[in-house]
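Residue-level structural notes
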Amino acid sequence: MEVASDVILALRNITVHLGYSKRRVLSDISFDVYQGERVYVLGPTGAGKTTLLYTIYGVWKPTSGSVHFDSMEITPRKRPPLEKWRRDIGFAFQDYKLLMDRTVIENVTIPLVLRGFAREDVLSFAYKALEVVGMKDRDKDFPSMLSGGEQQLVSLARAISFRPKLLLADEPTAGLDNITSERVLKALEHIRDEYNITMLIATHNVDIAARRATRIIRIEGGKLRVDAYGKGKIPQD
Ligand SMILES: Nc1ncnc2c1ncn2[C@@H]1O[C@H](COP(=O)(O)OP(=O)(O)OP(=O)(O)O)[C@@H](O)[C@H]1O
Ligand SMILES: [Mg+2]
């Protein structure tokens, strides 16, 4: 399958059925994501945003269609080993999924260790990621000592510590007040400035997307309804 060289991620006719009843959750979704884009995936609760991100991350296999990333692809019949597939993809989960019995710095070093980074890079990359999101001084705390917003920031640091090519963030501001949401959105901007990572961010908050996105994809009932560019294909501000 042909994928243009500046396309980092391509979804082609993705349909996903889930659960015992094999309900159709995503229907025939296609789009290409270009290097450096900040794509906001909008849609109401139950639209299929998390399912879309999970399909890109390789949690769900599509029933039909294919996902292409970094010259690898996932199809209904095959999937590369997940550690290979996810080597350059960071995921910040809707519910954080931090390891509660590990400190902040341990949480952020784990992806680096799992990916076999050199010993001398592990701590420096992890501290750099914590610095970028403004949580460096909380390195020795356990997640239970942090607010929800602070856990979200650590979750973002963990998702980017290994400098992935693609960041998937699922509702990074869900459940946070305005001030804390702003802090998370600022952290995402710092991440972009520091690492130039392509981002796919799911949210149901239209205002946030309208202000930050270079491109907006809207899904409803598992179908792609809108795919529109904001300020231009590549971030310019
Ligand atoms: N593992 C699963 N098995 C069966 N159905 C599922 C599964 N995961 C999600 N669904 C269904 O798929 C639909 C889309 O769910 P999804 O979590 O992707 O929505 P969402 O857009 O992320 O919603 P929210 O804004 O509430 O996070 C929902 O109707 C949900 O019940
Ligand atoms: Mg969701």
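For the structure itself, look to the data block above.
Note that the coordinates shown come from a computational prediction; the quantities given were computed from them, not determined experimentally.

**Side note on the pattern of salt bridges**
- Following the criterion strictly, the structure yields 15 salt bridges and no others.
- Between Lys165 and Asp70 there is a salt bridge; the shortest N-O distance is 2.9 Å. Of this pair, Lys165 sits in the loop between helix H5 (148-160) and strand S7 (166-170) while Asp70 sits in the loop between strand S4 (64-69) and strand S5 (72-74), and the two are 95 residues apart along the sequence.
- By sharing partners, the salt bridges in this structure join Glu37, Arg215 and Asp227 into a single network.

**A look at helix H4 (residues 119-132)**
- Its 14 residues place the ends of H4 21 Å apart at the C-alpha level, agreeing with the 20 Å of an ideal helix rising 1.5 Å per residue.
- In this structure, the buried side of H4 is in contact with helix H3 (104-114), H5 and helix H6 (178-195).
- Looking one or two residues beyond H4, the residue adopting positive phi is Gly134, at roughly 80°.

**Some remarks on H3**
- Those residues of H3 that fall on the buried side of the exposure criterion are Val104, Ile105, Asn107, Val108, Thr109, Pro111 and Leu112.
- Tucked into the core, H3 has its buried residues touching H4 and H5.
- Downstream of H3 by a residue or two, Gly116 has a phi angle that is positive, lying close to 75°.

**Examining the pairing of strand S9 (residues 215-220)**
- Only one face of S9 is covered, namely the face carrying Arg215, Ile217 and Ile219; the face carrying Ile216, Arg218 and Glu220 is uncovered.
- Where strand S3 (residues 38-42) meets S9, four bridges bridge the pair, whose relative direction is parallel. Within S9, the position partnered with Val41 by the bridge is Ile217.
- For S9 and strand S10 (residues 223-229), the ladder comprises six bridges, and the chain directions are antiparallel. The partner of Ile219 across the bridge, within S10, is Leu224.

**What to know about the site of ligand 1**
- As a matter of local geometry, ligand 1 sits amid 15 residues, with Arg23, Gly46, Lys49, Thr50 and Thr51 nearest to it.
- A distance of 2.6 Å separates an oxygen atom of ligand 1 from a polar side-chain atom of Arg23.
- Between Thr51 and ligand 1, the recorded distance is 2.6 Å, taken from a side-chain N or O atom to an oxygen atom.
- For ligand 1, the accessible surface in isolation is 630 Å², of which the surrounding protein chains cover 67%.
- Elements supplying a minimum of two residues to the shell around ligand 1: strand S2 (23-34) and helix H1 (49-57).
- With three residues, the single largest contributor to the shell around ligand 1 is H1.

What counts, and where the lines are drawn
- All residue numbers here refer to positions counted from 1 along the written sequence of the relevant chain.
- Chain A is the first chain written and ligand 1 is the first ligand written, with later ones labelled in order.
- Local features are withheld for residues below a pLDDT of 70 in this predicted model, meaning they are given only at 70 or higher, and side-chain atom pairs are given and counted only at 80 or more; totals for whole chains, interfaces and linings count all residues.
- Here the side-chain values reflect all heavy atoms present in the structure, with hydrogen atoms and water set aside.
- One speaks of a salt bridge when a side-chain nitrogen belonging to Lys or Arg is within 4 Å of a carboxyl oxygen belonging to Asp or Glu.
- Secondary structure elements are taken from DSSP: a helix is a run of H or I of four residues or more, a strand is a run of E of two residues or more, and numbering for both begins at the N terminus.
- Between the first and last residue of a helix there are one fewer steps than residues, each counted as 1.5 Å, and that sum is the expected span.
- Working rule for contacts: check all heavy atoms of both residues, and any pair within 4.5 Å makes them a contact.
- Exposure classes here rest on a 1.4 Å probe applied to the protein chains alone. A residue is buried below 20% of its type maximum, exposed above 50%, and partly exposed in between.
- Any two strands with at least two DSSP bridges between them are considered paired.
- When we say a residue is near a molecule or strand, we mean one of its heavy atoms is within 4 Å of it.
- In protein, a polar contact means a hydrogen-donor-capable atom and an acceptor-capable atom, both N or O and within 3.5 Å, with residues adjacent in sequence counting only if both atoms are side-chain atoms; elsewhere, any N or O pair within 3.5 Å suffices.
- Accessibility throughout is a Shrake-Rupley quantity obtained with a 1.4 Å probe, and a residue counts as covered only by protein chains that appear here.

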